[in-house]
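# A look at the structure
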Amino acid sequence: MTTLKDRLQDDLTTAIKARDELRSSTLRLTLSAIATEEVAGKSARQLSDDEVQKVIAREAKKRREAAQAFAEGGRTDQAERERAEGEALAEYLPKQLSDEELSAIVAEAVKEAAAGGAEGPRAMGAVMKIVNPKIAGRAEGGRVAAEVKRLLAG
């Protein structure tokens, strides 16, 4: 079975052969970030698929933030490129939860936390502890935190 990193490298080779500059540069930067993560720390190691997925998610988030910054600065051409790079990386990430799915998971976690005695805005940590393993990279942390705050306040 091929790993996610192997798939990225195979797709990079395909993109280079197809002369797809945007995709090949995006995959090169992502593989570079993965390699950097692998040698960070006291000893080099191979990243698991989950760890590679976290690196890809971090890279995709950088692209979204950069696209927003370029758009606010009036650099629409650069913003479009960043969005396109983010979309290329999105292919390697799990499908994101819809607002309804996220709301249902958070509502269930709020009930679970309330059963454990945690209620009100101070229960945020307890609810997040329950929610995070369930969403596992399928929703951005900011979205999750906003939904938890909304349900705890309401």
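Residues numbered from 1 in each chain as written. Predicted model: local features only at pLDDT ≥ 70, side-chain atom pairs only at ≥ 80, totals over all residues. Heavy atoms only, no water.

Summing up its helical and strand segments, the chain has seven helices and zero strands in all. When the elements of the chain are put in sequence order from the N terminus, they spell out α-α-α-α-α-α-α. Here the C-alpha atoms of the chain give a radius of gyration of 19 Å, more than 25% beyond the 15 Å that 2.2 N^0.38 yields for 154 residues. Along the three orthogonal principal directions, the C-alpha set of the chain runs to about 55 × 45 × 30 Å. In the chain, buried positions account for 34% of the 154 residues. Excluding contacts between residues fewer than 6 apart, the proportion of contacts in the chain whose partners are at least 24 apart in sequence is 61%. When the accessible surface of the chain is split by element, carbon and sulfur atoms take 52% of a total near 9600 Å². Charged side chains in the chain number 26 positive and 27 negative. The centres of these two groups are separated by 3 Å. (Helix = DSSP H or I, 4+ residues; strand = E, 2+ residues; numbered from the N terminus. Rg over C-alpha atoms; globule rule 2.2 N^0.38 Å. Buried < 20%, exposed > 50% of the residue type's maximum accessible area, 1.4 Å probe, protein only. Contact = heavy atoms within 4.5 Å. Areas by Shrake-Rupley, 256 points an atom, 1.4 Å probe, with all protein chains shown as cover. Lys, Arg positive; Asp, Glu negative; His and termini not counted. Charge placed at Lys NZ, Arg CZ, Asp CG, Glu CD.)

Attention now moves to a negative patch on the surface. The grouping of Asp6, Asp10, Asp49 and Asp50 at the surface amounts to a negative patch. Judged by its relative accessible area of 46%, Asp10 is partly exposed. (Patch = residues over 30% accessible without salt bridge, like charges linked within 9 Å, V, L, I, M, F, W, Y side chains within 5 Å. Salt bridge = Lys/Arg side-chain N within 4 Å of Asp/Glu carboxyl O.)

Another aspect to go through is the side chain of Glu59. Positionally, Glu59 belongs in helix H3 (residues 49-72). Dropping the residues within four chain positions of it, Glu59 is found in contact with Thr30, Ala33 and Leu89.

Running from N to C, helix H1 (residues 4-17) and helix H2 (residues 21-39) point in directions that differ by 150°, and their axes come no closer than 9 Å. Accordingly, the angle class assigned to the pair H1 and H2 is roughly antiparallel. H2 is crossed by H1, and the crossing has left-handed handedness. From H1, Lys5, Leu8, Gln9, Asp11, Leu12, Ala15 and Ile16 reach across to H2, where they touch Arg23, Ser24, Leu27, Arg28, Thr30, Leu31, Ile34 and Glu38. Among the residues making up the contact of H1 with H2, the classes are represented as seven nonpolar, three polar and five charged. (Axes fitted to C-alpha atoms, helices over the stretch in contact; angles between N-to-C directions. Parallel < 35°, antiparallel > 145°, perpendicular 65-115°, else oblique. Left-handed = near helix turned anticlockwise from the far one by under 90°. Nonpolar A, V, L, I, M, F, W, Y, C, P; charged D, E, K, R; others polar.)

The subject of this paragraph is helix H7 (residues 141-153). Between its terminal C-alpha atoms H7 stretches 18 Å, which fits the 18 Å expected from 13 residues at 1.5 Å a residue. Three or more residues of H7 are buried, namely Val144, Ala145, Glu147, Val148 and Leu152. Looking down the long axis of H7, one finds its buried residues gathered within 165° of arc, a one-sided arrangement. Looking at H7, the residues exposed on the side facing more than 90 degrees away from the buried face are Gly142, Lys149 and Ala153. (Expected span 1.5 Å × (residues − 1). Arc of directions from axis to C-beta.)

Another point: unusual backbone geometry. Of note, Arg19 is a non-glycine position whose phi angle comes to about 55°, a positive value. Checked against the element boundaries, Arg19 lands in the loop between H1 and H2.

Turning to the packing of H2 against H3, a few remarks are in order. Direction vectors running N to C along H2 and H3 enclose 130°, while the axes themselves pass 10 Å from each other. Looking at the two axes, H2 sits oblique to H3. The hand of the H2/H3 crossing is right-handed. Between H2, through Thr26, Leu29, Thr30, Ala33, Ile34 and Glu37, and H3, the contact on the second element is made entirely by Val52, Val55, Ile56, Arg58, Glu59 and Arg63. Here the contact of H2 with H3 is composed, by residue class, of six nonpolar, two polar and four charged.

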